[in-house]
Amino acid sequence: QRHLNNEPVTARPPTVVYRLQKLARRNKAAFTGAVAAMAGLVIGLGIFLWQSIEKNKAFRQAEVALGQTRAAEKKATEEAAIAKAVSDFLRNDLLLTAGTGYQAKQPSTPVNPNLTVVEALDRAAEKISDRFAHQPLVEAGIRHTLGETYLDMGNYLAAIRHLERALELRRSKLG
């Protein structure tokens, strides 16, 4: 009778597994609901963990992309500032110095209405170190431009001096 009622049989001592099997057979609906609830919790937890991992991965990728964007933006800003400084230097300290009006305002240099390009370059080169003491990359850019100009003109000693200084400045700043 106990067997037919899904109750433990007393002919031998019941094990825990045996008693649980009998209890599950007597209460099929409750155990089915409990198993379904546990399966739902396990599946829900698995989906939650998977989404959490995917979200963290996407967040890390976004951080990397943002870092790369900021680095590129910083580099572009620096390069634009260097290009502007080089342009301003060449316009203001090189080309405008050729005018006699500007030369007359400078007490240390004589007025020369026939100022040569070489003299203008030499005068401009004297001002570089003082003017860009706190902007080594700008100074390097200007010295590089002056070095290439001297090189094209055949003044190799002046070209080497400016190009080596530009290299030295870039190595100290950029590695």
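Thresholds applied
Residues numbered from 1 in each chain as written. Predicted model: local features only at pLDDT ≥ 70, side-chain atom pairs only at ≥ 80, totals over all residues. Heavy atoms only, no water. pLDDT = per-residue confidence, 0-100. Helix = DSSP H or I, 4+ residues; strand = E, 2+ residues; numbered from the N terminus. Buried < 20%, exposed > 50% of the residue type's maximum accessible area, 1.4 Å probe, protein only. Contact = heavy atoms within 4.5 Å. Axes fitted to C-alpha atoms, helices over the stretch in contact; angles between N-to-C directions. Parallel < 35°, antiparallel > 145°, perpendicular 65-115°, else oblique. Left-handed = near helix turned anticlockwise from the far one by under 90°. Nonpolar A, V, L, I, M, F, W, Y, C, P; charged D, E, K, R; others polar.

A.B. asks: Honestly, the confidence of the model for the chain in this entry has me stumped. Any pointers?
C.D. replies: Close reading of the predicted structure is inappropriate where its pLDDT is low. On average, residues of the chain score 85 in pLDDT, and 93% of them reach the 70 mark or higher. Mean pLDDT across the elements of the chain bottoms out in helix α3 (residues 100-104) (68) and peaks in helix α6 (residues 156-174) (92).

A.B. asks: What should I look at first to understand the environment of Phe 89 in this one?
C.D. replies: Mapped onto the elements, Phe 89 comes out in helix α2 (residues 28-95). On the basis of relative accessibility, which here comes to 0%, the residue Phe 89 falls in the buried class. In this structure the C-alpha to C-alpha distance between Phe 89 and Glu 63, which are 26 residues apart in sequence, comes to 38 Å. Once residues within four sequence positions are removed from consideration, Phe 89 is found in contact with Leu 94, Ala 124, Ile 128, Arg 131, Phe 132, Ile 142 and Leu 146.

A.B. asks: What is the right way to look at the packing of helix α4 (residues 117-131) against helix α5 (residues 136-153) in this model?
C.D. replies: Packed helix pairs are characterised by how far apart their axes lie and by the angle those axes make with each other. Where α4 meets α5, the axes come as close as 11 Å, and the angle between the chain directions of the two elements is 155°. Between α4 and α5, the interaxial angle falls into the category roughly antiparallel. Classified by chirality, the crossing of α5 by α4 is left-handed. Each of Val 117, Val 118, Leu 121, Asp 122, Ala 125, Ile 128 and Ser 129 in α4 lies in contact with α5, whose residues at this interface are Glu 139, Ile 142, Arg 143, Leu 146, Thr 149, Tyr 150 and Met 153. Tallied by class, residues from the contact of α4 with α5 come to 9 nonpolar, 2 polar and 3 charged.

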